[in-house]
Each structure stands twice: as structure tokens, then as C-alpha cells.
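Chain by chain, the residues run as shown.
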Amino acid sequence: MLTIEELKARVSKSKVGASGGSFLKVEKNKPQTVYVLDGCYQPDELFYKFIATHFLNKKRILCGAHEEGKTCYICEQITVQREELAKIQNDYEEIKRNSDDDEVEKIREQIKSTEVTLDKLEAQRKYAFNVLVKGEETARIYEAPWLAFKPIHDTFRSAIEEWGVNILDPSASTAFTVTRTGDDFQSTKYSVAPAPRPTAILEDKAKIEELLKKLPDLDDKYKLPELADQVAAWNTYNGTTPPPIKGDNGSANKPSSMSRIGGKAVTQTVIPKEEALTPPTLGEEHAEQETSRKPESVTKVASLLARLKETNKK
Ligand SMILES: [Zn+2]
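Keep in mind it's a predicted model, so treat the numbers as computed, not measured.

Turning to the pairing of strand S3 (residues 49–56), a few remarks are in order. Among the 8 residues that make up S3, 6 are buried, leaving the element largely enclosed by the rest of the structure. With 5 bridges connecting them, S3 and strand S5 (residues 124–133) associate as antiparallel partners. If you follow Thr 53 over to S5, its bridge partner there is Gln 124. Direction of pairing for S3 relative to strand S4 (residues 59–62): antiparallel, over a ladder of 4 bridges. When the sheet's bridge partners are listed, Leu 56 is paired in S4 with Lys 59. Where S3 hands over to S4, the hairpin turn is made up of 2 residues, of which Asn 57 adopts a positive phi near 50°.

Packed helices, taken two at a time, are described by the angle between their axes plus the distance between the axes. At a minimum axis distance of 11 Å, the contact between helix H2 (residues 73–97) and helix H3 (residues 102–121) shows a crossing angle of 160°. As the angle between them shows, H2 and H3 are arranged roughly antiparallel. For the crossing formed where H2 meets H3, the hand is left-handed. Note on element contacts: H3 touches H2 through Val 104, Ile 107, Ile 111, Thr 114, Glu 115, Leu 118 and Leu 121, opposite Ile 78, Gln 81, Arg 82, Leu 85, Ile 88, Gln 89, Tyr 92, Ile 95 and Lys 96. Of the residues contributing to the contact of H2 with H3, the split by class is 10 nonpolar, 3 polar and 3 charged.

The subject of this paragraph is the nonpolar core. With 46 residues, the main nonpolar core has Val 34, Tyr 35, Val 36, Ile 74, Phe 129, Val 131 and Leu 132 as its most contacted residues. Within the residue set of this core, elements represented by two or more residues are strand S2 (32–37), S3, H2, S5, strand S6 (140–144), helix H4 (146–163), strand S7 (175–181) and helix H7 (227–237). Counting residues per element, this core draws most heavily on S5, at 5 residues. Ranked by size, the runner-up nonpolar core spans 8 residues in total, among them Leu 85, Ile 88, Ile 107 and Val 298.

In the Ramachandran plot, Asn 57 falls in the positive-phi region, its phi being about 50° despite a non-glycine side chain. In this structure, Asn 57 sits in the loop between S3 and S4. According to the C-beta neighbour criterion, Asn 57 is partly exposed, with 15 such atoms within 10 Å. Non-glycine residue Lys 58 carries a positive phi angle of around 75°. Inspection of the secondary structure assignment puts Lys 58 in the loop between S3 and S4. According to the C-beta neighbour criterion, Lys 58 is exposed, with 9 such atoms within 10 Å.

With respect to the helices, strands and loops of the structure, Cys 63 is situated in the loop between S4 and H2. For Cys 63, a count of 24 C-beta atoms within 10 Å translates into the label buried. Cys 63 sits 12 residues away from Ile 51 along the chain, and the two C-alpha atoms are 7.6 Å apart. Apart from the residues lying within four places of it in its own chain, the contact partners of Cys 63 are Ala 52, Thr 53, His 54, Cys 72, Ile 74, Cys 75 and Ala 123.

Reading guide: rules and limits
Residues numbered from 1 in each chain as written. Predicted model: local features only at pLDDT ≥ 70, side-chain atom pairs only at ≥ 80, totals over all residues. Buried ≥ 20, exposed ≤ 12 C-beta atoms within 10 Å, placed from the backbone. Helix = DSSP H or I, 4+ residues; strand = E, 2+ residues; numbered from the N terminus. Pairing = 2+ DSSP bridges. Axes fitted to C-alpha atoms, helices over the stretch in contact; angles between N-to-C directions. Parallel < 35°, antiparallel > 145°, perpendicular 65-115°, else oblique. Left-handed = near helix turned anticlockwise from the far one by under 90°. Contact = placed C-beta atoms within 7 Å. Nonpolar A, V, L, I, M, F, W, Y, C, P; charged D, E, K, R; others polar. Core = buried A, V, L, I, M, F, W, Y, C linked by C-beta atoms within 7 Å.

Fair warning: the whole summary comes from geometry, so function is off the table for now.
Encoded structure:
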């Protein structure tokens, strides 16, 4: 058994719990060299999981909208909000013609900022897999954006197809160096360089076995939330009560229940599994970089607009 002093020394060196526990974060201009670990558990799966995550004020909530037969309450609410906003936009265009008040400019800005907020609420798509950072002995999960994932996936695939080689073989694994550059969401780029020669992920075979036994279970980690959890997360984000919809009488949840008729989502696009490899169009990294803030709610814009309509009548 280790003495307390020895334990203390090890604890201080331990990277678990440092930045986000066992997740790998690739920071700007700090290249990370990793071995990709094969952590598939389900039949037909490869080493990664395609995931989509909503960030509600930094709170993560997984989105299942891309999975067949699954719906996502958050996605549905975003759709409802977008529809409401489109209506407001119409009213606004009309009012704009008969008014050049400061208020009009204010509404225009609010419509715009509401749009931006809704864009940020959309699920961000990533590819999650287990990695061993060179120099470490325990696995981490890397949630790679498409730009970092694609070259790794392509290398893996062509090695299998062209040479019949599995580059994830822990005794002869290809290390990848991932470098992130750029300052913001628009300019963020990833470059991924495979090592020229495969090597064992760790020198000690027993340690490799130990490591593989303790791989994070991705199925468990990325279990989709229950509907109740999704609703709770959305309500918390919006300040505990569901957002009332313009002109309603307590029927705020109507659109979402409608959209679940027959267990099928009608308000969102379901991305079939094989299309999961197409690059995401929305929000790669921005939730990590931007401070999330409360949305300019659709209701707020609507009430401004209503007030303006009233003043115009007078
Ligand atoms: Zn969703």
C-alpha cells in the first residue's frame, strides 16, 4: 500500500478533475498528440459516437433529434420560437412603413439578437471518442468537431480499405497531432497530422490492458435525456416558467405536444444515420467561446411591437 506522502504526490500529478475531468480540450495553439482508442460497444458502430448537444446557459443537454424515432423538446421549442419570430418580423415590416420611431429601430435590433440567440441554442454536432493523450495513462473523451474528426476518420478508413491495417490497434497505433488555430468561431481551424510510424500506445503491455479495461463507456455517457429532463432544462433556461406564446391563453406547450402525434416529430428534420458524416452547418465551437446570455425573448419583441402598434393608432 502507498503511504499518504506517496498518494499525495500522485494526486497532485493526477490530471483527472483538472479541466473538465476526463475530457480532452484542444486549446488554441496548443497541439495535442493523441492515440484514438477503439471504444465501440454497439453492433455496427465504429470508434466514435455522433452527438449533438444544446448549450442552455452553459448547461449541456444532449439532443436526440438526429436519431431515428427520437424527438427533442429543445429543438421543438426553438422551432416554435422561430415561427413566432417570423410572424413578428412580418408585423414589423408593416409597421416600419408607417413609422420611423426610435422604437422601430429597437425592435429591429431585438429581432436580430433573438435570431442570433436561437442560432446559438441549436444543437452543436460533434464526434465523441476515447483517446489517450501521449504521456498520460488513462483515457479521455474527445468531442471532436467535424474539422478535427474528418481527417482522423479518413485516415482510419483508408488504412482499412487500402492496406487492411487497423490504425487503432493499441500495439501499433497511429498517433494524431491535433492543432487548433483561430480566434473565434468563424476563424477556428483544425489541422490533424498523423505520425509517420505506428507505435504502441504505452510501452507496458499490462498498462495497456488496464487502460482498455477502464475506457469511458460512451453509450452510458451519451444516453439521451428523458423528456422531463429536457423540459426542465428548457424551463430553467427561460426562468422556470415555459415561455408564453404571443396571444395565447396558457397554451404554451401546445405546439410541442402537437408535434409528437404518433410518436413522430413533425417540426424537425431527422438526419438519417448515414448522413451523419456530412459537415454540420451550425455552431461548431461557439458555445465554448462565447458567454451564453439570456435570450431576448420572442415575447419581449412581441410586446414592444404591440406597444408600438398602440401608439401608432393614437
Ligand atoms: Zn435538440
